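Residue-level listing of the chains:
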Amino acid sequence: MRQKGVSALPTNTGRASLFINMSDHLPVVVIVGGGFAGLAAAKALRKTPAKVLLIDRTNHHLFQPLLYQVATSELAPGQIATPIRSIFRNQKNTTVILGEVTGVDKAQKCVIVSDADRQNVPIAYEYLILATGASHSYFGHNEFAEYAPGLKSLADAEAARNKILQAFELAEAEEDPNRHRDLLTFILVGAGPTGVEMAGALAIFVRSTLKSDFRRIDPASARIVLVDTAHVLGTFSESLSKAAKQRLAKLGVEVLLGHSVDQIDSDGIVVAGQRIASKTVIWTAGVAPSPAGKWLNAETDRAGRVRIQKDLTVPEHPEIFVVGDTASLDQNGKPLPGVAQVAMQQGRYAGKLIHNRIVGSPLPGPFSYFDKGTMAVVGKGFAVLQSGKVQVSGFGAWLTWAAVHLQFLATSSLRLSVFLQWVWTYVTGQRGDRLIVSHHDSAPVSTPVKEAVRGAA
Ligand SMILES: Cc1cc2nc3c(=O)[nH]c(=O)nc-3n(C[C@H](O)[C@H](O)[C@H](O)COP(=O)(O)OP(=O)(O)OC[C@H]3O[C@@H](n4cnc5c(N)ncnc54)[C@H](O)[C@@H]3O)c2cc1C
């Protein structure tokens, strides 16, 4: 049933304002993106006398920090994602729309939205929060994308999981042992938190979970290579970076630093003039912001993130906020990092500021990011944690990492299910979701075969 006064995507034949019931005079706040920033903004508006419209191109909020656990079969996709609609089922002023925003008309104050049914529908706003996040960046080498998929969405994580599991299946079926090496070489490009966490998890996966499952191959002989132009966990202190590197070495991960990848193709990669043969290369390096800067025709930083002001609005547009990974804001002379904490705090701030404007309360002071610290997990029972002057690594840091990640999952059912799965995996070494899911299993017989059969008749 539709919320009174707000329809689902309207037809694009009418003016944007037709879609809002003007009789109740409530201001419309449009939030684009149901990630960390968008969700925090919408929750901060729960008591606001406004119509809040949350638009996302997927129907779920995704906990990206645990994507690597889906890719390495520890968690199932449903354990790290929640339908956005269900998160707001009790927040009556909020309507969730599944649609892709393709532009913003600042003059008419509307966003342009398309869904499977309708194209370019204008949706009017009084306040707009753009929280559209980021996607992969191949640093100008888009040709790498075909051979080195990234890790940004649930579909990416499932595809990576399929690819990894498939490599073991192919190797087991392959009678020529000379081909096993290539099939069982896994390369991760980028030694930031995602690459390090993925490499550590993969090492544990092949050396414990898979150890007794194959007859012709020894999964523990798999080669895991982590490549980066600079350091392991470059944003962490030198000592933590070193601790993570040592831990990776202990897990049997080869770390190649100081060289960028020159080539990626169906046979592997070329780095520092040497070819490393592999059938599974995963891109864990750069990210690029969403096109929000282009939609707004606003000033952006070199990466393309929208430069925002201290109150998170776009210059000359006090009604437009840009938050999270797609925004660029300096604090203490340095740009804020693209992490979940920044996104959540910015979303919350934008929601609060809009709330105060609507109800006529004093406005909060300029946005200030409170850094609670950063963490990365390296295999089983080991993490690095940096918070101000505190720098720790080991089991204690890992327990903190686990507690923090559980706390920030969207619902208590996910928290419980992930907690139980982690305990189970920790104790038994077994993983939850080791399925190769082909979306073409039930495809009809292809036309050429049918034609051939008909021709033979
Ligand atoms: C693999 C991985 C691991 C990470 N690990 C960590 C970590 O350990 N700790 C940490 O702090 N951070 C981590 N991050 C970074 C963190 O996830 C991001 O900083 C955070 O998600 C940014 O939040 P956001 O709301 O800006 O964007 P997102 O969370 O990316 O949300 C953007 C939302 O906008 C929607 N959207 C985008 N474009 C459109 C459009 N045109 N129309 C409609 N909807 C749209 C998307 O579907 C998405 O739901 C990780 C990121 C990745 C990819």
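Check the entry above for the structure.
Residues numbered from 1 in each chain as written. Predicted model: local features only at pLDDT ≥ 70, side-chain atom pairs only at ≥ 80, totals over all residues. Heavy atoms only, no water.

Caption draft 1: Broad picture of the side chain of glutamate 172. Mapped onto the elements of the fold, glutamate 172 is located in helix H4 (residues 154–173). In this structure glutamate 172 is buried but unpaired, with arginine 216 as the nearest side chain of opposite charge at 5.9 Å. Here glutamate 172 is in contact with Phe214, Arg215, Arg216 and Ile217, once residues within four sequence places are set aside. (Helix = DSSP H or I, 4+ residues; strand = E, 2+ residues; numbered from the N terminus. Buried < 20%, exposed > 50% of the residue type's maximum accessible area, 1.4 Å probe, protein only. Lys, Arg positive; Asp, Glu negative; His and termini not counted. Salt bridge = Lys/Arg side-chain N within 4 Å of Asp/Glu carboxyl O. Contact = heavy atoms within 4.5 Å.)

Caption draft 2: Molecular detail of the site of the ligand. Around the ligand, a shell composed of 28 residues is seen, among which Ala37, Asp56, Gln64, Asp325 and Ala340 lie nearest. Within the side chain of aspartate 325, a nitrogen or oxygen atom sits 2.8 Å from an oxygen atom of the ligand. For the ligand, an oxygen atom lies 3.4 Å from a polar atom in the backbone of valine 339. Taking 990 Å² as the accessible area of the ligand by itself, protein coverage stands at 89%. Residue assignment for the shell around the ligand shows that the elements contributing at least two residues are helix H1 (36–44), strand E6 (100–105) and helix H9 (340–359). Looking at side-chain class alone, the shell around the ligand contains 11 nonpolar, 12 polar and five charged residues. (Near = heavy atom within 4 Å. Polar contact = N/O pair within 3.5 Å; in protein donor to acceptor, adjacent residues only side chain to side chain. Areas by Shrake-Rupley, 256 points an atom, 1.4 Å probe, with all protein chains shown as cover. Nonpolar A, V, L, I, M, F, W, Y, C, P; charged D, E, K, R; others polar.)

Caption draft 3: Quick peek at the packing of helix H10 (residues 395–408) against helix H11 (residues 412–428). Running from amino to carboxyl end, H10 crosses H11 at an angle of 150°, the nearest separation of the two axes being 9 Å. Here H10 lies roughly antiparallel to H11, going by the angle between them. Seen from H10, the contacting residues are Phe395, Trp398, Trp401, Ala402, His405, Leu406 and Gln407; seen from H11, they are Arg415, Val418, Phe419, Trp422 and Tyr426. (Axes fitted to C-alpha atoms, helices over the stretch in contact; angles between N-to-C directions. Parallel < 35°, antiparallel > 145°, perpendicular 65-115°, else oblique.)

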